[in-house]
Amino acid sequence: MDKGQNTGGLMSSAGLVRYFDSEDTNAIKIDPKTVVASGIMLGVLVQLLTFVS
């Protein structure tokens, strides 16, 4: 094997995979539908305030 080759491609991302796979039991859990609905409501509110002013 050539010393100039980079063979650590998968090993370098293994820590990130392990980090994102772990779940924190103290974390706030929000339903994705709630996040989307909040974004839509915020957008509508901004549009209404822009229209009024």
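Since the model is a prediction, treat every value here as computed from it, not as a measurement.

Draft legend 1. Layout of the overall build of the protein chain. If you tally the helices and strands in the protein chain, you get two helices and zero strands. Out of the 53 residues belonging to the protein chain, those deemed buried represent 0%. Surface accessibility of the protein chain: about 5,500 Å² in total, with carbon and sulfur atoms responsible for 66%.

Draft legend 2. Region of the structure containing a nonpolar patch on the surface. Residues Val36, Ile40, Val44 and Leu48 make up a contiguous nonpolar surface patch of about 370 Å² in total accessible area. In this structure, Val44 sits in helix α2 (residues 32–52).

Draft legend 3. View of α2. The end-to-end C-alpha separation of α2 is 30 Å, in line with the 30 Å expected for 21 residues at 1.5 Å each. Across the 21 residues that make up α2, only a small minority, zero, are buried.

About the criteria used
- Every chain is numbered independently, its residues counted from 1 as its sequence is written.
- Reporting in this predicted model follows two pLDDT cut-offs: at least 70 for local features of residues, and 80 or more for side-chain atom pairs to be given and counted; totals over whole chains, interfaces and linings ignore these cut-offs and use all residues.
- Where side-chain values are given, they derive from all heavy atoms of the structure, hydrogens and water being excluded.
- In this description a helix means any DSSP run of H or I spanning at least four residues, a strand means any run of E spanning at least two, and both kinds are numbered starting from the N terminus.
- For every residue, the accessible area (1.4 Å probe, protein chains only) is compared with the maximum for its type, and the residue is labelled buried under 20%, exposed over 50%, or partly exposed between those bounds.
- Here the accessible surface of atoms and residues is derived via Shrake-Rupley with a 1.4 Å probe, and residues count as covered only by protein chains that are part of the display.
- Patches in this entry comprise residues that are over 30% relatively accessible and not in a salt bridge; like charges within 9 Å are linked, as are nonpolar side chains (Val, Leu, Ile, Met, Phe, Trp, Tyr) within 5 Å.
- What counts as a salt bridge is simple: a side-chain nitrogen of Lys or Arg found within 4 Å of a carboxyl oxygen of Asp or Glu.
- What a helix should span is 1.5 Å times the count of its residues minus one.

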